[in-house]
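# A closer look at the structure
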Amino acid sequence: MRKVSLLALSLVFLLSACAPNFQKQNEVVQTKEKEKGKAIIPKYNISDKYYRTILPFEPGEARGLVVSNINTRYDLNEFEMGLMRIAQNSFDTDKYYFREGREIKGTTVRQWLNRQYTDAQLKEKKMKAEENIGLNPVNSGTVEEPSSPIYLAHILEHDYLTKDDKGTVALGGVTIGLALNSYYYYKVPQGNGTIEKEMKISAAEMEKEGKKIAEEVVKRLRAMKDVSDVPITIALFEQQTKSSVVPGRFISYTTVDKGKSSLNGWENVDEKHYLFPSADAQNDHRDDQLAFLNFKQDVEEYFPNFNGVIGRGFYVGDQMQELNITIPIQFYGKTEGIGFSQYVTGLVMEHFPKYLSVSVSVTSVDGPEALIVKKANATEPFVYIYQ
C-alpha cells in the first residue's frame, strides 16, 4: 500500500519526535579556533550523503558573493552540493563535521576574483601594488574588445572539522571550489546605456586556466596560518550559460596532502545534468528519454490539454542517478489534486527503473500541491499532500 500523508501531520510528527534535546541528542564540544568557546554537534545525521554541521551556524566569509557571481540558481545549487560530494572522497562524513568557509576572508575573495592590473591601471584605479592580487588575467585590450576573458567567476570554501579525545574540534581539512566561466559576459557602452556581449571559452582553455589558478590558490592558502598544514581538496566547476535550465558540473579535482604544497594528480569528474525532454538527452540517453516521454504522455492523458512536464536528470558516467520532475498544473479542488497525485505516483513506479531515485513536484498557482519521492531500490514511494 502506498504511503500518503498530509504535510501538516508530518510536520507535527517531526516537531514532536525531533524536538531539541541537547542533553540526549547533541554533543557540546570546545572549539580550538580563533573564536574559542562552546559549539554543538548534532548527534544524528539525516543521511550519509551529508555532514553534520557545527552549531551555532556561522555564515561563510564570502556569503552573498556566490549569488551575484554564479549565472543561475541551478549552477548555485550544484556548485555547493557538488563540492560537498567531492569532499567525501577525502573527508569521511562519519569523522568530519561541516562548517561554511571561514579561512578566506570576504574581502580577500573579492580581490582574488579581480583581474591583474598593469602599473598604469593600478594608478588609474588608485590601488596599491599589494592589492594587485587578482587571479584573472590582465585586460590589455579595451572595454569593447577585451584581450582575454575572465575565467574565474567565484571561489567557494568549505571547512571540515575534526574532534579529538578531549572533545575539542579544530580545522581538519579544506575544500575549495573554483567556478569557471564557459562564457564570459561583459558590458560595452552603446548610446546612453550599455549592451551585454559574450565571449565563448573552449573547454580545454577553461580547464587549463583553471588548473593554473588552482596552483596559485593552494600556494596562497599554505601562507595562511590555520591552513598551512591541513589537507586541501580543490575542484573545478564549469558554469552553464545564463539562459541554461540545467546546472553546470564539476569537471576535475585534485588533493594536496597535509603539510604539502604540491598538487596531486587531477581526477576527472564524470557527472552531467540533462533536461528531459531535449535533443541532448535524445542523442546521449535515448532509452531514458523514451521512458520519460512515455511517462509524460500518460500524465497528459489525465489532462489532455496539458504539456508542462519537465525533468532534470543527474548522471554519473552513463547511468542516471536522480531524476527530478516538475509538473505545474491548475486544480479545481483539493480532491482533484489528491487523485492526480495518486495517479502520478503509479506512473513513477511503472515507468522508471528500481535503481533510480525519482522525485516529482506537483505545483499550482497557489504553491506546492504534492511531493512524490521514490528512493533508489525502494518498493514503495512516499507522497506528501500539502494543505
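Parameters at a glance
Residues numbered from 1 in each chain as written. Predicted model: local features only at pLDDT ≥ 70, side-chain atom pairs only at ≥ 80, totals over all residues. Heavy atoms only, no water. Pairing = 2+ DSSP bridges. Helix = DSSP H or I, 4+ residues; strand = E, 2+ residues; numbered from the N terminus. Axes fitted to C-alpha atoms, helices over the stretch in contact; angles between N-to-C directions. Parallel < 35°, antiparallel > 145°, perpendicular 65-115°, else oblique. Left-handed = near helix turned anticlockwise from the far one by under 90°. Contact = heavy atoms within 4.5 Å. Nonpolar A, V, L, I, M, F, W, Y, C, P; charged D, E, K, R; others polar. Core = buried A, V, L, I, M, F, W, Y, C linked by side-chain atoms within 4.5 Å. Buried < 20%, exposed > 50% of the residue type's maximum accessible area, 1.4 Å probe, protein only.

Here strand β8 (residues 183-190) pairs with strand β9 (residues 193-200) via eight bridges, running antiparallel. Each residue of the ladder has a partner; that of Y183, found in β9, is K200. From the end of β8 to the start of β9, which pair antiparallel, there are two residues, and G191 there has a positive phi angle of about 60 degrees.

Angle between the axes and distance between the axes are the two parameters that describe a pair of packed helices. Two numbers describe how helix α9 (residues 286-302) lies on helix α10 (residues 334-351): the axes approach to 10 Å, and their chain directions differ by 155 degrees. On the basis of the axis angle, α9 is roughly antiparallel to α10. Between α9 and α10 lies a crossing of right-handed hand. Note on element contacts: α10 touches α9 through E336, G339, F340, Y343, V344, L347, V348, E350 and H351, opposite A291, N294, F295, D298, V299, E301 and Y302. Of the residues that constitute the contact of α9 with α10, the class distribution is nine nonpolar, three polar and four charged.

Looking now at the nonpolar core. Within the largest apolar cluster, 39 residues are counted, with the highest numbers of intra-cluster contacts made by I104, L152, I155, I176, L178, V217 and L221. Mapped onto this core, the elements with two or more residues apiece are β3 (38-42), α5 (106-112), β6 (152-163), β7 (168-180), β8, α7 (203-222), β10 (232-238) and β11 (249-256). Residues A281, V299, F303 and I385 belong to the second largest nonpolar core, which totals 30 residues.

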